[in-house]
Amino acid sequence: MRVGYVQTSPIFGDKETNFKNVKQLIGVQTADLIVLPELFATGYTFTTKEEAINLSEGNNDETSKFLHDLSKKTGAVIVGGFIEKEGNQIFNSAMVVSPDGFQGTYRKLHLYYKEKLWFSSGSRQLKIFEINDMNIGVMICFDWLFPEVARSLALKGADIIAHPANLVMPYCQDAMITRCLENRVYTVTANRIGEEKRGIDHFKFTGKSQITSFNGIVLSSAPADEIFIEFIDIDISQARNKNLNELNNLFEDRRPHFYIK
Ligand code: ACM
């Protein structure tokens with residue numbers, strides 16, 4: 001199974017250029033799964049809720065159309081971040097699209113800093129996207145700091161977690177090694193690079209997108225400050241075996257009765 005990520009430097013508010021850059025970077029690559037950064041087409045640093053609303057979309061609009069075209073061209077399931085609009089709410093979401101079309105969205109559960117001013121936090125149960133023999137879980141950026149997310153996705157059957165990100169703290173890439181080890185899942189973290197200085201906020205995004213194996217090995221690590229793309233082959237069946245040895249099974253050995261809810 002061939003999985004990859006695209007690490008970009010989105011231009012704030014310029015969806016057309018951001019689409020074009022992703023398309024150009026992927027070129028003629030084909031894959032089973034491609035992960036794009038959080039909010040890959042809009043940028044991240046809003047100064048008002050209005051700005052975010054103006055860049056928001058439904059599930060059949062320009063980002064969905066772009067991702068569907070990309071999915072058909074590459075043969076891959078694509079997971080990429082966008083601002084999802086429903087009624088008078090907007091969400092920091094990731095869209096999952098296959099060559100057959102729109103498959104659904106994940107709405108970020110844990111909003112970081114001023115995201116709380118712009119977005120509603122997700123209020124749906126975590127789910128697994130079962131597509132083309134992959135069981136794909138999705139989480140977005142800051143969700144990494146809440147180990148319950150990756151754990152819940154793994155317990156629900158995820159083999160691989162697609163993780164669009166706009167990371168600003170330096171800890172996630174190391175933490176993903178633990179997330180993978182403790183759940184025996186693969187993860188693909190697609191981060192962005194560059195800086196956004198808007199209003200009084202100035203973010204520097206950390207790059208270093210990463211594919212991490214079920215056994216904690218880092219299979220791919222992007223540079224901190226360059227646009228980058230990488231695809232690698234993984235054996236997804238390894239993530240379906242939770243045995244550590246003949247006496248320990250990662251999930252069967254859990255003692256949930258003694259854990260706090
Ligand atoms: C983040 O969750 N984008 C920091």
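Scroll up a little and you will see the structure.
The sections below set out a description of the structure shown in this document. In this convention, every chain numbers its residues from 1, walking through the sequence in written order. In keeping with the model being predicted, local features are shown solely for residues with a pLDDT of at least 70 and side-chain atom pairs are shown and tallied solely at 80 or more, while totals for entire chains, interfaces and linings include all residues. Hydrogens and waters are ignored; side-chain quantities use all the structure's heavy atoms.

Some words on the overall build of the chain
Helical segments are the DSSP runs of H or I of at least four residues, strand segments are the runs of E of at least two, and each set is numbered from the N terminus. If you tally the helices and strands in the chain, you get six helices and 14 strands. As defined in this context, the radius of gyration uses C-alpha atoms, and a globule is described by 2.2 Å times the residue total to the power 0.38. Taking 18 Å as the expected radius of gyration for a compact globule of 261 residues, we find that the chain reaches 17 Å, a close match to that expectation. Along the three orthogonal principal directions, the C-alpha set of the chain runs to about 55 × 45 × 35 Å. Counting all 261 residues of the chain, 54% fall into the buried class. For the chain, long-range pairs separated by at least 24 residues make up 70% of all intrachain contacts whose partners lie at least 6 apart in sequence. For every accessible area listed, the method is Shrake-Rupley and the probe measures 1.4 Å; residues are considered covered only by the protein chains on display. Carbon and sulfur atoms make up 50% of the accessible area of the chain, which amounts to about 11700 Å² in all. Charged side chains in the chain number 29 positive and 32 negative. The centres of these two groups are separated by 4 Å. Working definition: with a 1.4 Å probe on protein chains only, accessible area under 20% of the residue-type maximum means buried, over 50% means exposed, and in between means partly exposed. The criterion used for residue contact is that any of the two residues' heavy atoms lie within 4.5 Å. In summary, the charge assignment counts Lys and Arg as positive and Asp and Glu as negative, without counting His or the chain termini. Just so you know, the charge point we use is NZ for Lys, CZ for Arg, CG for Asp and CD for Glu.

Topic: the environment of Val188
Residue placement: Val188 occurs in strand β9 (residues 186–190). The exposure class of Val188 is buried, given its relative accessible area of 1%. Linking Val188 and Gly122, residues 66 residues apart in sequence, is a C-alpha distance of 21 Å. Discounting residues that sit within four places of it in the chain, Val188 has contacts with Val3, Gly4, Tyr5, Val35, Ile160, Ile161, Ala162, His163, Gln210 and Ile211.

Examining the packing of helix α1 (residues 15–26) against helix α3 (residues 62–74)
Put simply, α1 and α3 touch, their axes get as near as 11 Å, and they point 10 degrees apart. One finds that α1 runs roughly parallel with respect to α3. Side by side, α1 and α3 meet where Lys15, Phe19, Val22, Lys23 and Ile26 of the first sit next to Glu62, Thr63, Phe66, Leu70 and Thr74 of the second. Residues of the contact of α1 with α3, tallied by class, amount to five nonpolar, two polar and three charged. Working convention: axes come from line fits to C-alpha atoms, limited for helices to the stretch in contact. Angles between N-to-C directions cover 0 to 180 degrees. The scheme is simple: roughly parallel for angles under 35 degrees, roughly antiparallel for over 145, roughly perpendicular for 65 to 115, oblique for anything else. Throughout this entry, Asp, Glu, Lys and Arg are counted as charged residues, while Ala, Val, Leu, Ile, Met, Phe, Trp, Tyr, Cys and Pro are counted as nonpolar. The remaining residues, Gly among them, count as polar.

Details of the state of the cysteines
Cysteine sulfur atoms that come within 2.5 Å of each other are treated as a disulfide pair. Counted under the stated rule, the structure contains zero disulfides. The closest cysteine sulfur to the non-disulfide-bonded Cys172 is located on Cys141, 6.7 Å from its own sulfur. This cysteine, Cys180, is not joined by any disulfide, and Cys172 carries the nearest cysteine sulfur, 10 Å off.

Notes on the sheet that holds strand β14 (residues 228–233)
In this scheme, strands are said to pair when DSSP sees at least two bridges between them. Spatially, six strands are ordered β5-β4-β3-β2-β1-β14 in an open sheet, and the strand pairing comes out mixed. The sheet is open, and its two borders are formed by β5 (101–107) and β14, each paired with just one other strand. Averaged over all pairs of adjacent strands, the angle between their axes in this sheet comes to 30 degrees, without regard to strand direction. Bridging between strand β4 (residues 89–98) and β5 involves six bridges; their strand directions are antiparallel. Across the sheet, Ser93 pairs through a bridge with Arg107, a residue of β5. On top of the sheet, α3 reaches β2 (33–35), β3 (77–86), β4 and β5; it is set at about 20 degrees to β4, its chief contact.

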